[in-house]
Amino acid sequence: MPQALEHSGTSWKGQQLKHKPSLIDRLDPRLRILAAAGFASVVVLSHSFIPLISGLLLALSMAVLAKLALKRTLRRVIAMDMFMIFLIIMLPFTTPVPAGEQPMLQLAGLSASWAGLLHALQITLKGNAVILIMLSLVGTMTATTLGHAMASLRVPAKLVHLLLFTVRYMDVIGQEYKRMRRAMQARAFVMGTNRHTWRAIGYLVGMLLIHSLERSERILAAMKCRGFNGRFYLLDNWQLQRLDYQCGLGWLLILTLLTGANWL
Amino acid sequence: MSVLLQTRGLTYRYPRREPVLDKVDFALHKGDRLALTGANGAGKTTLFHLLVGLKKAKAGEIIAFGQTRRQEADFVEVRARAGFLFQDPDDQLFCPTVLEDVAFGPLNLGKSQSEAIAIAQQTLAELGMAGFDDRITYQLSGGEKRMITLACVLAMSPDVLLLDEPTNALDSQARQRLIETLQGLPQAMIIISHDDDFLAQLANRRLHLESGKLTDPDATPAPEALHG
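Positions within a chain are numbered from 1, following the residues in the order the chain's sequence is written. Ligands are numbered from 1 and chains lettered from A, in the order in which they are written. In keeping with the predicted nature of the model, local features appear solely for residues at pLDDT of at least 70, side-chain atom pairs appear and are counted solely at 80 or more, and the whole-chain, interface and lining totals rest on all residues. Think of the side-chain values as coming from all heavy atoms in the structure, minus any hydrogens and water.

## As for the packing of aromatic side chains
Whether two aromatic rings pair depends on their centres lying within 6.5 Å, for rings of Phe, Tyr and Trp, where Trp uses its six-membered ring; planes under 30 degrees apart make the pair stacked, over 60 edge-to-face, and the rest tilted. If you walk through the whole model with that rule in mind, you get eight aromatic pairs over all chains. Centroid distance F228 of chain A to F104 of chain B: 6.0 Å. Interplanar angle 20°. Geometry classified as stacked. With F228 of chain A in the loop between α9 (195–225) and α10 (242–260) and F104 of chain B in helix α4 (residues 98–108), this pair bridges two chains. Looking at F228 of chain A, the relative accessible area reads 26%, which means it is partly exposed. To qualify as a helix, a DSSP run of H or I must reach at least 4 residues; to qualify as a strand, a run of E must reach at least 2; elements of each kind are numbered from the N terminus. Working definition: with a 1.4 Å probe on protein chains only, accessible area under 20% of the residue-type maximum means buried, over 50% means exposed, and in between means partly exposed.

Here's what the structure looks like:
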């Protein structure tokens, strides 16, 4: 079986943080989420190249500051850039050439426009800048911390619980999947492209769904046994520190400059 | 009031099957450590579910802590006073961190956050699990998970413990630790287990569930034993 298929995104090891401690880790998680969201909105709404390029440079320096693991970060950024390559190829052809302008190139009767290429480049810059900031500010906290920070930012409780329960049970369900896969392999099951494989995989997925459903019922029963009444308590007492205020103000200033750069 | 839990004519059946519990009468008294044995699928866990109202009995009544319980609302109090330890610790530990999990019960009972944290920390310390507060629940070992689920249940200061195969998948060291902990607890217990040695060290009464009936294997000797 190909490696890519065997890989499950559910293994706990894949979710572990892999960077060295940095300044970013000392900042309040809520501040980091807000900073990333603010940066993303400024960059996405920008329409000229100066703020976009400086945004990308800023994101790169944040990634260095956050001491992101190089290999892992590259893998994630490249995964997104694969989509961007198609965008760069497609957009020039789908954007009409403005009247009175020369097309960039003509291919099999189709004409590519400069405007489309520039647009595609802008989207690529935006995408890379945002993903780098997300990886360095939000990606450096554990999923559990992210859930708590979201709850404390008054994100709807249902979304937060969905995230926290997903994080909690992803590994349990992943283990169940692996156990069943091993049981199949133990009985000499080899994956192929035939009816037998499709049916077996269908059973596997079906059983996984049923197991998960039954587990969710047991979890609800366990919650009821402990007096669950619809409220899920998270215990945090985060306090903004001096460093948070300083960095927050600095970030605000940078975002203002980035916004202003659109009219340069 | 020495009778804690009592059932009269309790009956339950799953669809298209023989009843798993057929007019069961039983009582749990203060100080009882009742071993509940029976084959797989005999209905032991079902009995627990009925006692705390997770399933609805087809017939019969459940008298818990001096009151007949019928509605979902009646059982809310029962669940707080009868701590149910589930078979699979992963079903019970659903909060991200250990402290949150242990404090979940007290918070639901209306304790304030600081009170709940204090109770949780004290319960953990009593079970020798101090310092586990910030551990992530899914990164614990099997034995640790079992002790933390016990802490979760004990944090609600129950009068009765319902233990569903507590030694399942524990290594001998974790199992011994669990036995010593349970021996030191004052609560009345019903223990489902297939582990005879474990039951021998803990239980002071036995009941056997077979084809829907609860019988006491130690009560009257079987007739053939008298003649033989």
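That was the structure; now back to the text.
## Thoughts on the interface of chain A and chain B
By definition, residues are in contact when any of their heavy atoms lie within 4.5 Å. Chain A puts 28 residues into the contact, and the matching count from chain B is 31 residues. What gets called buried area is simply the loss in accessible area from a 1.4 Å probe that two parts show on being joined, summed for both. In total, about 2700 Å² of surface goes out of reach between chain A and chain B, with carbon and sulfur atoms giving 60% of it. Taken as a group, R168, R226 and L235 of chain A account for 33% of the area that chain A buries against chain B, more than any other trio of residues on that side. A pair is scored as a salt bridge if a Lys or Arg side-chain nitrogen falls within 4 Å of a carboxyl oxygen belonging to Asp or Glu. Seen at the junction of chain A and chain B, the total is five salt bridges. Between D91 of chain B and R218 of chain A there is a salt bridge, with the nearest N and O atoms lying 2.4 Å from each other. Distance and chemistry together define a polar contact, namely a pair of N or O atoms within 3.5 Å, with one atom able to donate a hydrogen and the other to accept it when in protein, and with adjacent residues in sequence counting only for side-chain atoms on both sides. At the boundary of chain A with chain B, the tally comes to 12 residue pairs in polar contact (both at pLDDT 80 or more). Going through the elements one at a time, α7 (143–152), α8 (157–186) and α9 of chain A are the ones with two or more residues in the side of chain A that touches chain B. Considering every element that reaches the side of chain A that touches chain B, the biggest residue donor is α9 of chain A, with eight residues.

## Description of the confidence of the model for chain A
Residues and elements named next belong to chain A. On average, chain A scores 84 in pLDDT, and the residues at 70 or more come to 93%. For every residue, the predictor assigns a confidence score, pLDDT, that lies between 0 and 100. Helix α3 (residues 29–45) holds the highest mean pLDDT among the elements of chain A, 92, whereas helix α1 (residues 3–6) holds the lowest, 32. Counting interchain partners and residues more than four positions distant, the pLDDT-below-50 stretch residues 1–12 has 17 contacts.

## Describing α10 of chain A
All names here are of chain A. Helix span, expected: 1.5 Å multiplied by one less than the number of residues in the helix. An ideal rise of 1.5 Å per residue puts 27 Å on 19 residues; α10 measures up with 27 Å between its terminal C-alpha atoms. All buried positions along α10 are accounted for by D244, W251, L255 and L258. For α10, the angular spread of buried residues about the axis comes to 55°, placing them on one side. Those residues of α10 that are exposed and angled more than 90 degrees off the buried face are R242, L249, L252, L253, T256 and L257. Think of it as the arc spanned by the lines of direction from the helix axis to the C-beta atoms.

## Section: the environment of F104 of chain B
Take F104 of chain B: its relative accessible area is 1%, and that puts it in the buried class. Distance from F104 of chain B to L28 of chain B, taken between C-alpha atoms, is 27 Å for residues 76 residues apart in sequence. Excluding residues within four positions of it along the chain, F104 of chain B makes contact with M223, R226, F228, R231 and F232 of chain A together with F94 and C95 of chain B.

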